[in-house]
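Listed below are the residues making up each chain.
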Amino acid sequence: MQDADSKSANGDFTRSINLYEAALDDSESIRNAEVHYKLALLYDDKLNDPVSALHHFKRYLALSPNGPHANEVKKSIKHDEIAALTALSGDSVIPRSEAAQLRNDNLNLRKELEARAGSLRSAPDKSQTNEASSKKTAAKKADRTYVVKSGDTLFSISRKFYKSPKRWRQILEANRKSIQDPKKLTVGQTLVIP
């Protein structure tokens, strides 16, 4: 296990996977659950293989349904099922709940744009302009940066910074100009982490 952890930390994901799989035994132990969890993360975050990740996430839940990673694993399973369907269909698959959320976000953004356009038509107050400018500067200073490494995905970067894979869209939106395809990050690319 320690050798596998070391190989993973050094970026030798294939060797790490082989070592983790060798550490699995036929028992239904908590230790095996942890090995499955680590394998799932490697497949998910480093090798972008949602089908293999799904297998190991599901094995983790079967062995440790109330384990320390259970909630995160359930969310990852939902994400990987969509990713697997997308890969198999060759098209984008968006769940209904996400489509509804996107429609609501779009409507709210349109209202915000209309409100801003209305306020631009009226004479801007200089103090309001300075206040908005200082807020933007403070927000930019609060943003962090991250240099993309081999095997990184928006999902894994979100998990690294926020301890949850759910905030990958925020990272995408903060870097919309520099990310052409959210599934293909460029190694060495610097991302803003909001």
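Residues numbered from 1 in each chain as written. Predicted model: local features only at pLDDT ≥ 70, side-chain atom pairs only at ≥ 80, totals over all residues. Heavy atoms only, no water.

**Student:** Before we go on, may I ask you to explain the overall build of the protein in this structure?
**Tutor:** In terms of regular secondary structure, the protein is built from 9 helices and 2 strands. Each helix (α) and strand (β) of the protein, taken in turn from the N terminus, gives the series α-α-α-α-α-α-α-β-α-α-β. Here the protein holds 194 residues, and the buried ones make up 31% of them. The contacts in the protein between residues at least 6 apart in sequence include a share of 51% that link residues at least 24 apart. (Helix = DSSP H or I, 4+ residues; strand = E, 2+ residues; numbered from the N terminus. Buried < 20%, exposed > 50% of the residue type's maximum accessible area, 1.4 Å probe, protein only. Contact = heavy atoms within 4.5 Å.)

**Student:** Can you walk me through the environment of Asp3 in this structure?
**Tutor:** Residue position: Asp3 is located in helix α1 (residues 2–9). According to the relative accessible area criterion, Asp3 is exposed, its value standing at 54%. It is 9.3 Å that separates the C-alpha atoms of Asp3 and Arg15, two residues lying 12 residues apart in sequence.

**Student:** In this structure, what is going on with unusual backbone geometry? I would like to understand it.
**Tutor:** Leave glycine aside and you will find that most residues have negative phi; peptide bonds, for their part, are mostly trans. The backbone phi angle of Asn48 is positive, close to 50°, even though this residue is not glycine. Tracing the chain through its elements places Asn48 in the loop between α3 (30–46) and α4 (50–63). With relative accessibility at 48%, the residue Asn48 sits in the partly exposed group. Here the phi dihedral of Lys163 falls at roughly 60°; this positive angle occurs in a residue that is not glycine. Of the residues examined, Lys163 reaches a relative accessible area of 66% and is grouped as exposed.

**Student:** Teacher, can you tell me more about the nonpolar core here?
**Tutor:** What tends to happen in soluble globular proteins is that the nonpolar side chains get buried as a cluster. Counting residues in each nonpolar core, the largest one holds 22 residues, and the members touching the most others are Phe57 and Val73. In terms of residue count, the dominant contributor to this core is α3 (8 residues). Sequence-distant contacts of Phe57, defined by excluding residues within four places in its chain, comprise Tyr37, Ala40, Leu41, Asp44, Val73, Ser76, Ile77 and Asp80. Ranked by size, the runner-up nonpolar core spans 13 residues in total, among them Phe155, Ile157, Leu172 and Leu185. (Core = buried A, V, L, I, M, F, W, Y, C linked by side-chain atoms within 4.5 Å.)

**Student:** Help me out: how do you make sense of α4 in this one?
**Tutor:** Residues spaced three or four apart along an α-helix point in a common direction, a consequence of the helix completing one turn every 3.6 residues. With 14 residues, α4 ought to run about 20 Å at 1.5 Å a step, and its terminal C-alpha atoms sit 20 Å apart, in line with that. Restricting attention to buried positions, one finds in α4 the residues Pro50, Ala53, Leu54, His56, Phe57, Tyr60, Leu61 and Leu63. (Expected span 1.5 Å × (residues − 1).)

**Student:** Is there a simple way to explain the packing of α3 against α4 in this structure?
**Tutor:** Each pair of packed helices can be summarised by the angle the axes make with each other and by the distance between the axes. Two elements in contact, α3 and α4, have axes separated by 8 Å at closest approach and are oriented at 160°. Classified by the angle between their axes, α3 and α4 sit roughly antiparallel to one another. Crossing geometry of α3 relative to α4 is assigned as left-handed. For the pair formed by α3 and α4, the contact residues are Ile30, Asn32, Ala33, Glu34, His36, Tyr37, Leu39, Ala40, Leu41, Tyr43 and Asp44 on the first element and Ser52, Ala53, His56, Phe57, Arg59, Tyr60 and Leu63 on the second. Across the contact of α3 with α4, the residue classes break down as 11 nonpolar, 4 polar and 3 charged. (Axes fitted to C-alpha atoms, helices over the stretch in contact; angles between N-to-C directions. Parallel < 35°, antiparallel > 145°, perpendicular 65-115°, else oblique. Left-handed = near helix turned anticlockwise from the far one by under 90°. Nonpolar A, V, L, I, M, F, W, Y, C, P; charged D, E, K, R; others polar.)

**Student:** Quick question: what am I supposed to make of the pattern of salt bridges here?
**Tutor:** In total, this model carries 9 salt bridges according to the counting rule given. When the shortest N-O distance is used, the salt bridge between Glu72 and Arg159 registers 2.5 Å. One end of the pair, Glu72, is in helix α5 (residues 70–89); the other, Arg159, is in helix α8 (residues 154–162), with 87 residues separating them in the sequence. The same class applies to Glu72 and to Arg159, which are both buried. Salt bridges here are not isolated pairs; linked through shared partners, they connect Asp44, Asp45, Glu72 and Arg159. (Salt bridge = Lys/Arg side-chain N within 4 Å of Asp/Glu carboxyl O.)

**Student:** So what exactly am I meant to see when it comes to the environment of Ala33 here?
**Tutor:** On the secondary structure map, Ala33 appears in helix α3. Sequence separation between Ala33 and Ser64 is 31 residues; the distance between their C-alpha atoms is 6.2 Å. In this structure, Ala33 is in contact with Tyr60, Leu63 and Ser64, ignoring residues within four places of it in sequence.

**Student:** Teacher, can you tell me more about the packing of helix α2 (residues 13–23) against α3 here?
**Tutor:** Packing of α2 against α3 leaves a shortest axis separation of 10 Å and a crossing angle of 160°. Taken together, the axes of α2 and α3 lie roughly antiparallel to each other. Crossing geometry of α2 relative to α3 is assigned as left-handed. Taking contact as the criterion, the partners of Phe13, Ser16, Ile17, Tyr20, Glu21 and Ala23 in α2 are, on α3, Arg31, Asn32, Val35, Lys38, Leu39, Leu42, Tyr43 and Lys46. Here the residues of the contact of α2 with α3 are counted per class, giving 8 nonpolar, 2 polar and 4 charged.

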